Structure formats: structure tokens, C-alpha cells
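Analysis of the macromolecular model
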Amino acid sequence: MRLHLGGHLNWYDAQRRTDVEVRLAERMPLLDLLHQLGVPRSEIIVAAVNGRAVPIEDAWVADGDRVDLYPPVGGG
Amino acid sequence: MAFGTTGRILWVDLTQGTTYVETLDEATYRLYPGGKALGAYLLLRHLPANVDPLGPDNILVLASGLLTGAPFSTATRFSAIARSPLTGTYGESEAAGFWGPELKMAGWEAIVLTGRAPQPVWIHIRDDKVEIRDATHLWGHEPLEVQTAIRAETGDKVTRVLQIGIGGENLVRYAAITNDLRHYNGRNGMGAVMGSKLVKAIGVRGSGKWIQYAHDAQPVVELGRRLAKGVKEHPQSWDLQEKGTPGITSALNAAGILPTRNFHQGAFEGVDNIKWEAYEKELLTARKSCYACAVRCKREVRVDDRYQVSDQYGGPEYEAVSGFGSNCGVDDLQAIAKANELCNRYTLDAISTASVVAFAMECFEHGLIGLDDTDGVDLRFGHAEAMLQMVDMIAQRRGIGNLLAEGVKRAAQAIGGDAHFFAMHVKGQELPMHDPRGKFGVGLGYAVSENGADHLVAAHDPTLANAESVSFKGAMPLGIRVALPPRDSSRQKVVNYTIAENWNSAEKVIGLCFFGPAPRSYIQVEDVVMAVNAATGWGWGVNDILAVGERATNLARLFNAREGFGRADDRLPDRLFTPLENGALEGVALSRDDFERALTDVYDLKGWDTDTGVPTPQKLDSLGIGWAAEAADVT
């Protein structure tokens, strides 16, 4: 699956990657994946799976999905 | 004893061609320590009611903040303040760059321009030496040519030049002022006020240092070193350095609040062509900074392809990317960069200009204006060439550009029909590219702001939505305790809003950029308090700083009350009370009942009369500005 870390979320990736390819052996809760990757839940305000906005707590992801994550942005 | 300011204001009487110096005492500075507060104080004290904003009786104040020029990140800002020709209200706009710090180093806290010069002039300031020079040969020329000419004339390659382009000369009501070609007092038409006075430029060079005005400079110097090292160690400042403001485009699109086709929609099908990744690949040539700032959020761009875009004027911020992009239905980044560059060459506010073009596009699509009106320009959404032609016509006041140069409020009145519904403004100032249907507090800021729709009035709601987030934790020392969803409209939301509004207002007094302090970025509240106290020796707490911001807002509010503005003017465009047509918030609209109730809560919490929106005598006395009610004739 492809994970997009929008805004400042790629600061939490050791390599500062905006787009991360992840191999998933089986479906898993999005929260578990975030925990594995070290991206804090508290920094995410919008999550979309395959282009549709989803509640983060309820979302599951699988190999082949595209997941977009965005932090709160404060104007500019 | 030094207390952070130079203590001196330079008054320039352009009609007489004379100057004089006013010195303010420490007690006055404690109430009005710079920027917005000092400007509002001077405006209320010196400007009679009901002056023509573009006449000689208006005054233009250019005021540094208390910490402007201090050697740490984002302490760069100064305010331009006058009665606004766009709104008729108290007018204000901040800019960063290098000019504000240079003014302080030349020994001046502020410059006040009065009257009107008999012919175009520019003002040369070299420390105490001030000259009013002929600028006939500079009038009509572009900023790069003018800056080059002034630096040649002074023989000094680093004279900091603040100036207007032809947008200001032609009195476009939303003309900007630029300094160092890349930094803008964009909003409220301050460039038109400068143009009305026939002042082309102000060149400044100072030999002093900020530290000579500080009570104890050493802690501020150490803070500067710490912030320079720490900029990459904080997610928000790192992000601003990496991407700048264009980094937020796709996030807003995903949230369903990327203004699209004049705020009809909240998601743009062409977002992939205008988002940060495309910007970095297609436009970016360098990351640039302001004075002493490690954040380096300014973008430099260059295009030599379908369009020619110079690298001299600074790249588009998010506001221009969305304004000329999604909100005009244009997904061509090169055209967006060109529109932004034209605004910068002409010194037009990119936010208002883009909103005016989007308004004209919608009027065109609804048949309210036709090809006969546009000189044959096919002004439908998505037509990049048409958009660029409009920017040119506005700056030159040519054809329909002459009407559009008046702003959407006046243009809608002239066009008639449903045009008023397409005019996205508050008090005459066009909306920035943030949709209150997804950020309720931003809508309150638009409505309540003393100078019309403004997106920098308070922290944006998403940054205060999660109690565990970096941004929320950064705001807690201000007294913000309860995290709330972005669309929440409860009284508690209003509590958060009023605290955040006082903080943002204080930033405009102190001279800090929005991209420095928490909650937007990485300078912690306690470090701002420390820096203020090191500069002044006043021993203030955070509440004293919040009070500075609140006092400035109340002065501006009183100015507006004198000009007849009240609760009826604190409104939002009708379109925001209709549902978004697509995206994550499809079907979502603001509720009029929620908005009116929250507006009453704002007044109540701020100590303003809930029927009129005017500050009460008790509130003014508590802020130490009881005199201002009489000056504003609202006793």
C-alpha cells in the first residue's frame, strides 16, 4: 500500500519521506499501522483511504490501498 | 534606561516638505509598544472622523514592533496603518523582510506620512538624516528598476527600499506596499494610500543595532542561537522551512475546504497540478529568508517555459496558489506563478486581486458581464490567459479593470443583479483562501476583524482540535484548555477564539511573524515572554502581553465605531450559509443562528456591547484607554 504523509507528518518519518510504500500481509487497523510507523495519532486531522475521508479510529487498511494523512494546518 | 524602543517617531509633512521628531515616553510605550498598537493609537489621536482615505488628510503610519530587529527568528514585522480605502475602516497590514529591522537600526520606531506631496517624491533616511527627494523619474517604473535606481542614487547597495508599483500609483483600492521586492504589506490598500500621497518609495539605512535599545540583550541573543539550531527539530517550523505556505494546499483539499470556483466548492479536481509536490518540481529555485530568521519560509521561483516568471519578486504563497488556482478553476501552476508575479510587479494584494478575478469570472458565467464589458476576454473559470489579462487590466485600470480595481463590494454594486451574492467580502475586503464552513473560528475572525476579512486574526481551529497535538500544547500557556473540533461553534470555542485573537494581535504589536510563535510554529510562549522582558525590563507575564493585543484591537474597534461601523457590519457573505457542493464537507453550510449566537458571545467575552459591538467604558478603563472613547466620540 502507499501511504502519503501530508503537511508536517513526514517529519516523523526517519527519512522524511512524503510517500511511503508499505507491505501488509493482512488487513489491519489504521491506528496500528500508524503506531508501527511512529506517526502520532494526535497530529492527524484528516485521513482518507482510496480517496474517501474516514474516521481514523474505525479505519482498516489493506495491501493495495492508498492512504492519505494530513495534520492540522494553521493558515498561511 | 533602555526599554526596547528607540523612542522616536519621524513625522513627514509631505504638503510642506518638512519633517519633525516626536518622542514618546516609556509610560506611553507600555500601553502602545509598537506595530498595531502604536499605529491605532496614532490614528485615533491624529485622524479626524470621516476623512477621505485617498485624500491628503489621511495619515499613513509605518510602525515597527517592539521586538522588530531583535536577532531571532521571525522578529521582523512592521505594520502599515491608515484609514483603508478598501473598507473605510481602520486599515492595517503587516510585512516581514528587512525594512522594519533597518528602520529600527536607523533609530526610528515609526514613520508617519501626512498631507500630499506636490509631485512624486521618495524619502531617504540615513540614521538621523532625512531627505524628501524628487521621484518624478521613478514614477511609473517597476519595483526592480526603482530599487536599482535608488541604490545607485544613494551609492549604497543595501539601502532597504519600501515602495509602490503602478497599482499604488493608480490607486487600486487593494494596492500593496513592497519591501526588498519580495515582502508585502498586502492587505487593506495601504499601497493606494501611499500612492495618494505621491510617495513612490522610502529608502532606509541604519548604522545602529537592536541590542542598543534593549534592557538586557543577552537572553535574546541566546534565544536566537537556540532557535536557529532548533528549527529542524520541530515539525511545524521544519515543515514551513521545507514547503513554506504552499505546503498546505492538498491538506485543505482533503479536508474539503480548499476554496474552489469562488467558494462554490471545497475540493478541486486539479489539485494534483497545484499542490506542493508539483510546486517544488515545476517552480521552486530557492528557499529564502527574512532578517535573522531561521525558518526561511519564503519561496523563490523561476519559469522559462509557457510563461516567463522572474525570480526577483518572490514565489506564490498558499494564498496565491489557491486564489489564482482552485478559486479561479485554474490548474496551471506556471500561470498561477505568473499572476502572482504580476501582482508583485504592480504591487497588488494577491489575495484581493485573485478574489476579484474569481468574482468577475462568476459574473461572466452568469451573464452579468459579457464580452463587450471585458474587451473580448472570455472570462470563464479555468481560463488562465483571461485571468492574467484581468490582473493587467486592474493594475492599469483599463476597461473593466477600472471597475474591478474598486474591489468586489463596489464592483457588485455597479454590476447589480445577483452580483452581490458572488462578492465574497467582509466590510469590503475580499476573503482569504480559508473557508469558515470547515473552520468556524476563522469565520468569526473574518467577521469581527476591524479591517475586514483577514485570516491572521486568530489561530485556525484545526490547530486547537486535539489536546495531545503539538500545536494545542503550544497554546496551553495562553490559557487555552479545551480542545474542540474545527466546526464547533459553542461558547467554549468563542473562549478559545478570544484568547487566540489577543495573542495574534499581540504578535502584530511585538513584531513577530505568524510563523514564529506557537501554536502555528515553534517559538514557545514562555520564550516570547522572556524576549519581551529582556527587551523592556518590564517584568510582564503572558497576560500582560495578551492585554497589549486586546488594547490594540479595542483602539481599532473604537476607530471603526467613530466611522459608523457596528454589529451589522460584522457579517459573513451569504454564500457561506449555503452548502458546499463537493468534497469532504459536501452539503455543509454555516448556520445563521449559530453564527449570531457566537457573535454575541464574542462581544460578551470581549466586554463589548452585545447590541452594537462597541467596547464598553468599563472595558476601556480596564485596559487603561478610557480617553479613547472620547476621542472616538462613542461615550
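Residues numbered from 1 in each chain as written. Chains lettered and ligands numbered in written order. Predicted model: local features only at pLDDT ≥ 70, side-chain atom pairs only at ≥ 80, totals over all residues.

**Concerning the overall build of chain A**
Within chain A one finds one helix and seven strands. Helices and strands in chain A line up, N terminus first, as β-β-β-α-β-β-β-β. Here chain A has a C-alpha radius of gyration of 12 Å; the compact-globule value for 76 residues is 11 Å, and the two agree. Seen along its three principal axes, the alpha-carbon backbone of chain A occupies a region of about 40 × 25 × 20 Å. Looking at chain A residue by residue over its 76 residues, the buried ones come to 36%. (Helix = DSSP H or I, 4+ residues; strand = E, 2+ residues; numbered from the N terminus. Rg over C-alpha atoms; globule rule 2.2 N^0.38 Å. Buried ≥ 20, exposed ≤ 12 C-beta atoms within 10 Å, placed from the backbone.)

**A short note on the overall build of chain B**
On a plain count of helices and strands, chain B comes out with 26 helices and 18 strands. On the principal axes, the C-alpha backbone points of chain B span a range of 65 × 55 × 50 Å. The buried share among the 635 residues of chain B stands at 64%. At a minimum sequence separation of 6, the contacts of chain B that also span at least 24 residues come to 71%. (Contact = placed C-beta atoms within 7 Å.)

**Focus on the environment of Thr 18 of chain B**
Residues and elements named next belong to chain B. With respect to the helices, strands and loops of the structure, Thr 18 is situated in strand 2 (residues 18-23). For Thr 18, a count of 11 C-beta atoms within 10 Å translates into the label exposed. Separated by 340 residues in the primary sequence, Thr 18 and Ala 358 have C-alpha atoms spaced 44 Å apart.

**So, the interface of chain A and chain B**
Counting from both sides, the interface comprises 18 residues of chain A and, opposite them, 31 residues of chain B. Secondary structure elements with two or more residues in the side of chain A that touches chain B: strand 4 (46-49) and strand 7 (66-70) of chain A. In the side of chain A that touches chain B, the residues fall into eight nonpolar, eight polar and two charged. (Nonpolar A, V, L, I, M, F, W, Y, C, P; charged D, E, K, R; others polar.)

**Here we look at the environment of Ala 254 of chain B**
As for its position among the elements, Ala 254 of chain B is in helix 9 (residues 249-255). Owing to 25 C-beta atoms within 10 Å, Ala 254 of chain B belongs among the buried residues under this scheme. With 65 residues separating them along the chain, Ala 254 of chain B and Gly 189 of chain B place their C-alpha atoms 33 Å apart. Every residue in contact with Ala 254 of chain B, bar those within four places of it in the chain, is listed here: Val 46, Ala 48, Asp 68 and Tyr 70 of chain A together with Ala 584 of chain B.

**With respect to the nonpolar core**
Nonpolar side chains in soluble globular proteins generally cluster together in the buried interior. Within the largest apolar cluster, 239 residues are counted, with the highest numbers of intra-cluster contacts made by Val 61, Ala 360 and Met 387 of chain B. The leading source of residues in this core is helix 14 (residues 350-365) of chain B, at eleven residues. (Core = buried A, V, L, I, M, F, W, Y, C linked by C-beta atoms within 7 Å.)

**Things to note about the sheet that holds strand 2 (residues 19-21) of chain A**
The strands that make up a sheet are held in pairs by hydrogen bonds between backbone atoms, and each pair lies either parallel or antiparallel. All names here are of chain A. Pairing in this open sheet of five strands is mixed, and the strands run 2-1-7-4-5 from one edge to the other. Two strands in the sheet have a free side with no partner beyond their single neighbour: strand 2 and strand 5 (52-53). For strand 1 (residues 2-5) and strand 7, the ladder comprises four bridges, and the chain directions are parallel. Directly across from Arg 2, in strand 7, lies its bridge partner Arg 66. (Pairing = 2+ DSSP bridges.)

**Let's talk about the domain arrangement of chain B**
Residue and element names in this part refer to chain B. Considered domain by domain, chain B is made up of domain 1 (8-213), domain 2 (244-430) and domain 3 (440-631). Each of domain 1 and domain 3 was reduced to a C-alpha centroid, and the two centroids are 26 Å apart. Every contact between the two is made by 40 residues of domain 1 and, on the other side, 32 residues of domain 3. For the side of domain 1 that touches domain 3, the secondary-structure elements that each account for two or more residues are helix 1 (26-31), helix 2 (35-46), strand 4 (78-83) and strand 5 (90-95). Top contributing element to the side of domain 1 that touches domain 3 by residue count: helix 2, with eight residues. (Domains from an automatic or database assignment.)

**Considerations on the packing of helix 14 of chain B against helix 17 (residues 408-415) of chain B**
Residue and element names in this part refer to chain B. For the pair helix 14 and helix 17, interaxial distance at closest approach is 10 Å and the crossing angle is 20 degrees. Overall, the two elements helix 14 and helix 17 adopt an arrangement that is roughly parallel. Relative to helix 17, helix 14 is oriented so that their crossing is right-handed. Contact residues: helix 14 offers Ser 355, Val 356, Phe 359 and Cys 363, while helix 17 offers Val 408, Ala 411 and Ile 415. Grouping the constituent residues of the contact of helix 14 with helix 17 by class yields six nonpolar, one polar and no charged. (Axes fitted to C-alpha atoms, helices over the stretch in contact; angles between N-to-C directions. Parallel < 35°, antiparallel > 145°, perpendicular 65-115°, else oblique. Left-handed = near helix turned anticlockwise from the far one by under 90°.)

**So, the confidence of the model for chain A**
Residues at a pLDDT of 70 or more form 100% of chain A, whose mean pLDDT is 94. Of all helices and strands in chain A, the one with the weakest mean pLDDT is strand 5 of chain A (88), whereas strand 3 (residues 28-29) of chain A scores best (97). (pLDDT = per-residue confidence, 0-100.)

**Some words on the sheet that holds strand 12 (residues 199-205) of chain B**
Residue and element names in this part refer to chain B. Ordered in space as 8-7-12-9-10-11, the six strands form an open sheet in which the pairing is mixed. A single partner strand is all that each edge strand has here, and the edge strands are strand 8 (129-134) and strand 11 (183-185). Strand after strand, the sheet turns through a mean of 20 degrees between neighbouring axes, direction not considered. Of the strand pairs in this sheet, strand 9 (residues 160-163) and strand 10 (residues 177-179) are connected by two bridges, and their pairing is antiparallel. The residue bridging Leu 162 from the neighbouring strand is Asn 179, located in strand 10.

**Quick notes on the packing of helix 21 (residues 491-510) of chain B against helix 24 (residues 592-606) of chain B**
Residue and element names in this part refer to chain B. Two elements in contact, helix 21 and helix 24, have axes whose closest approach is 9 Å; the angle formed by their N-to-C orientations is 50 degrees. Compared by their axis directions, helix 21 and helix 24 come out oblique. Relative to helix 24, helix 21 is oriented so that their crossing is right-handed. In this structure, helix 21 uses Arg 491, Val 494, Val 495, Tyr 497 and Thr 498 to contact helix 24, whose residues at the interface are Ala 598, Asp 601, Val 602, Leu 605 and Lys 606. Residues that form the contact of helix 21 with helix 24 fall into these classes: six nonpolar, one polar and three charged.

**Observations regarding the confidence of the model for chain B**
Mean pLDDT over chain B stands at 97; residues scoring 70 or higher make up 100%. We note a pTM of 0.98 for the whole complex and an ipTM of 0.97 for its interfaces.

**Considerations on unusual backbone geometry**
Outside of glycine, negative phi angles account for most residues, and trans bonds account for most peptide bonds. All names here are of chain B. Note that the residue after Ala 518, namely Pro 519, is joined by a cis bond; omega there is 5 degrees. Non-glycine residue Leu 181 carries a positive phi angle of around 70 degrees. Mapped onto the fold, Leu 181 is located in the loop between strand 10 and strand 11. Phi at Arg 397 takes a positive value of approximately 55 degrees, unusual for a residue other than glycine. Here Arg 397 is to be found in the loop between helix 15 (384-396) and helix 16 (401-404). Of the residues examined, Arg 397 has 18 C-beta atoms within 10 Å and is grouped as partly exposed.

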